[in-house]
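Tertiary structure, described
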Amino acid sequence: MAPCFSRNPAQRFARHLAPSLSGLALALCLGSLIAAAGAQRPMIETATQAHPAAAFAFPASPDPWWKHAVVYEIYPRSFQDSNGDGIGDLNGITSRLDYLKTLGIDAMWISPMYPSPQVDFGYDISNYESVDPQYGTLADMDKLIAESKKRGLRICLDMVLNHTSDKHPWFIDAASSRTSPKHDWYVWNDGKSADAPGVTAYQKRFEHEGKVPPNNWVSGFGGSAWEWVPAVHQFYYHKFYKQQPDLNWDNPAVEKAMFGAMRFWLDRGVAGFRLDAIPTLFEDPQLRDERELGGVNAQGDPNLAGNYTDNLPKVHDVIRRMRAMVDSYPGDRVLIGETYLPNTAALDQWYGGEAHDELQLPMDMLVGFHGDHDKLTADSFRQHIVEVETQVHGSQPLLVFDNHDNVRAIDRYGDGTHNDQINKLLATVLFTTKATALMYYGEELGMTTTTPTHKEDVKDPIGITGWPQEKGRDGERTPMQWTPGPQAGFSTDPHTWLPVAPDYKTVNVQVESKEKGSELAWFEQMMALRRSNPALRSGTMTMLDTSNPDVLSYVRSTGTGPAVVIAMNFTAEPKTLSLDLSSAGVTGTSIKTLAADDASLLSIGTLKNVTLPPYASWVASVQ
Ligand code: NOJ
């Protein structure tokens, strides 16, 4: 595998976690033909429980809702500002629910909105059972949940279990004295003598009172993973920023408190959680040094394997207990995992393998963020999709291409010439396999990454410490583009927390909702098809033409009724192909295009000698 270039925008965040992901591989870096279907199903009451907001109506289906869902990630700071302070908020999200409903999503994952000093923009939580005043109030959250439910939309929250903020009262107590009740809630160590054999010059940089950190572990966000606290004469461990001390999950009180926080929200009617950095809950009890891989990362720290701080087996015991707790609630509450993993076998463990008793939806990052510098290759997509469909003991895959930590997929996979088609192609994959789909706000518009060009403009701390190799994650967090008007309709404040991307006059909801061939129209069309077409909703999937290096094609079929064939050209050249569906037991010969992003494909009536323009996507029914 090619080595990782620090300037390669691909897999930016995956890279922070990559060394932990075992093995060298990742350690190296890691149209419009359809009716707006929407086929509304009869509404039934499902969930009932203590909090009044918890009772609401959802479509009837024998499957858990998340199996067919499109989950939409909202970065609350950047979605919609309702009070004119330049920062998005909960009431802003509530005001955009009708948009989200029309778009065709089923659920939202809202990135952390809890009280936080905002060092890591919410991933440093100081109170798990409230809302940051920047984003609103608990009453605003209840309203958002209730208004969502009225529209058949669910809310999943981001649950950060690995660490708290250093301003959380637990940590303040823990750091005040070795005998304080909360001291053991975090991971402490006395360190070792700075004169001990084998202590490197790098480790000596972190010397305090003659002590250096107990091992060579580095923080994913730069510097040693250990921070000295003079009051207790000890170091504490932090996988991420030093303002994010890791919790000690060996202490049962931590699990009790965190499950309690999850219950707090489940009782208020949330549909589940996205579990932040979940593989990192435990560390090696012996605190062994990580193997050095050679070279330094963008923060100037040695590249290390991650065998002792990621994916320790004990985490699975916690997850099984968590799953049992979540399952005790009605309404198919779901656990989604942020699981950057080296291979499908590792992903399967996060489902609980054959037992299916861990996460329902650990994210598959191998399709959307695969190792080969995000090259768009049909072979690699085919291989990864087949793997996740067939090697997880029948569990439900979750595909994702975009999030708040990585350069947007349109830029990672784009070739600079066909980016719009490529974004549509990725959406076609996202919405037409059997997998649950996870998308990121603005993906449906083709919003691009706007990386800061001056260090002084950077807000994400890793972009300041890593400049210029690592420019941080601001680029993928710019305000949602609603209109061609001031601040793209995101805020009335001209000083938005991050600048609005320069393309907002053409790339925005208002303009794209009137354009037939827009990104937004394609996303809506794909989601509507997925919802309404029985073969796309629940049919089997069979790969076609499997040795074709240029075109990815497959057929979805229920065995009764029309099948659906999907073909995408992964190259910048036109490609002609003939498809034989017999391997899937599909014998129909009447072909009707359901969706195509090129007019030449709209009237195709055969599976023989079909020519797909560069990066074209074609979806057709076969009867
Ligand atoms: C993963 C989150 O997605 C990222 O934004 C955050 O910085 C780290 N976890 C630490 O919580």
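Refer to the structure above for everything that follows.
Residues numbered from 1 in each chain as written. Predicted model: local features only at pLDDT ≥ 70, side-chain atom pairs only at ≥ 80, totals over all residues. Heavy atoms only, no water.

With respect to the environment of Leu-287
Worth spelling out the cut-off: The secondary structure listing takes helices from DSSP runs of H or I that are at least 4 residues long and strands from runs of E that are at least 2 residues long, numbered from the N terminus. Note on contacts: a residue pair is in contact if any heavy atoms of the two residues lie within 4.5 Å.
Here Leu-287 is to be found in the loop between strand S11 (272–275) and strand S12 (292–296). When the C-alpha positions of Leu-287 and Trp-217 are compared, they lie 8.8 Å apart, and in sequence the two are 70 residues distant. Setting aside anything within four residues of it in sequence, one finds Leu-287 in contact with Asn-189, Pro-214, Asn-215, Trp-217 and Trp-226.

Digging into the sheet that holds S11
Rules: In this analysis, strands are considered paired if DSSP registers two or more bridges between them.
Read across the open sheet, the eight strands follow the order S15-S14-S11-S5-S4-S3-S17-S16; overall the sheet is parallel. Only two strands of the sheet have a single partner each, and these edge strands are strand S15 (361–362) and strand S16 (398–400). Examined bridge by bridge, strand S3 (residues 70–74) and strand S4 (residues 107–110) share four bridges and lie parallel to one another. Pairing of Glu-73 across the sheet is with Trp-109, part of S4.

Thoughts on the site of the ligand
Spelled out, the test is: One heavy atom within 4 Å of a molecule or strand makes the whole residue count as near it. Two N or O atoms form a polar contact when they lie within 3.5 Å of each other; inside protein one atom must be a possible hydrogen donor and the other a possible acceptor, and for residues adjacent in sequence the pair counts only when both atoms belong to side chains. The protein chains shown are the only cover counted for residues, whose accessible areas, like all others here, come from Shrake-Rupley with a 1.4 Å probe. Residue polarity is assigned by list, with Asp, Glu, Lys and Arg as charged and Ala, Val, Leu, Ile, Met, Phe, Trp, Tyr, Cys and Pro as nonpolar; anything else, Gly included, falls into the polar class.
Around the ligand, the structure places 14 residues, and the nearest of them are Asp-120, Asp-276, His-404, Asp-405 and Arg-473. Separating an oxygen atom of the ligand from a side-chain N or O atom of His-404 is a distance of 2.8 Å. Contact between the ligand and Asp-405: an oxygen atom at 2.4 Å from a side-chain N or O atom of the residue. Expressed as a share of its isolated accessible area of 300 Å², the protein-covered part of the ligand is 100%. Its residues assigned to classes, the shell around the ligand comprises four nonpolar, three polar and seven charged.

Observations regarding the packing of aromatic side chains
This is how it is decided: For this analysis, a ring pair means two rings from Phe, Tyr or Trp (six-membered ring only for Trp) whose centres lie within 6.5 Å, classed as stacked if their planes differ by under 30 degrees, edge-to-face if by over 60, and tilted for the remaining angles. Working definition: with a 1.4 Å probe on protein chains only, accessible area under 20% of the residue-type maximum means buried, over 50% means exposed, and in between means partly exposed. Charge-over-ring contacts are defined here by two conditions on Lys NZ or Arg CZ: a distance within 6 Å of the ring centre and an angle within 35 degrees of the ring normal.
In the structure shown here, the tally under the stated rule is 29 aromatic pairs. Note on Tyr-72 and Phe-79: the rings are 6.0 Å apart at their centroids and 75 degrees apart in plane angle, and the pair reads as edge-to-face. With respect to class, Tyr-72 is no different from Phe-79; both count as buried. Feature note: the residues Tyr-72, Phe-79, Tyr-99, Tyr-440, Tyr-441 and Trp-482 constitute an aromatic cluster, connected by ring pairs. The ring of Trp-185 carries Lys-182 above its face, with NZ or CZ at 4.7 Å from the centroid.

Considerations on the sheet that holds strand S20 (residues 563–569)
Put simply, the rule is: Angles run from 0 to 180 degrees between N-to-C directions of axes, and those axes are lines fitted to C-alpha atoms, restricted for helices to the stretch in contact.
Spatial strand order, S18-S19-S20-S24-S22: five strands in an open sheet with antiparallel pairing. Looking along the sheet, the strands with just one partner apiece sit at the ends: strand S18 (540–544) and strand S22 (591–596). For this sheet the average axis-to-axis angle between neighbouring strands, irrespective of direction, equals 25 degrees. Helix-sheet contacts for helix H18 (residues 519–532) involve S22 and strand S24 (617–622), and the interaxial angle to S22 is about 135 degrees.

Considering the side chain of Asp-132
Keep this limit in mind: We score Asp and Glu as negative and Lys and Arg as positive, and we do not count His or the chain ends. For this analysis, a salt bridge means a side-chain nitrogen from Lys or Arg found within 4 Å of a carboxyl oxygen belonging to Asp or Glu.
If you trace the backbone, Asp-132 turns up in the loop between S4 and helix H6 (138–150). Buried charge without a salt bridge: Asp-132, with Arg-77 as the nearest opposite-charge side chain at an N-O distance of 6.8 Å. Discounting residues that sit within four places of it in the chain, Asp-132 has contacts with Met-113, Tyr-114, Pro-115, Ser-116 and Gln-118.

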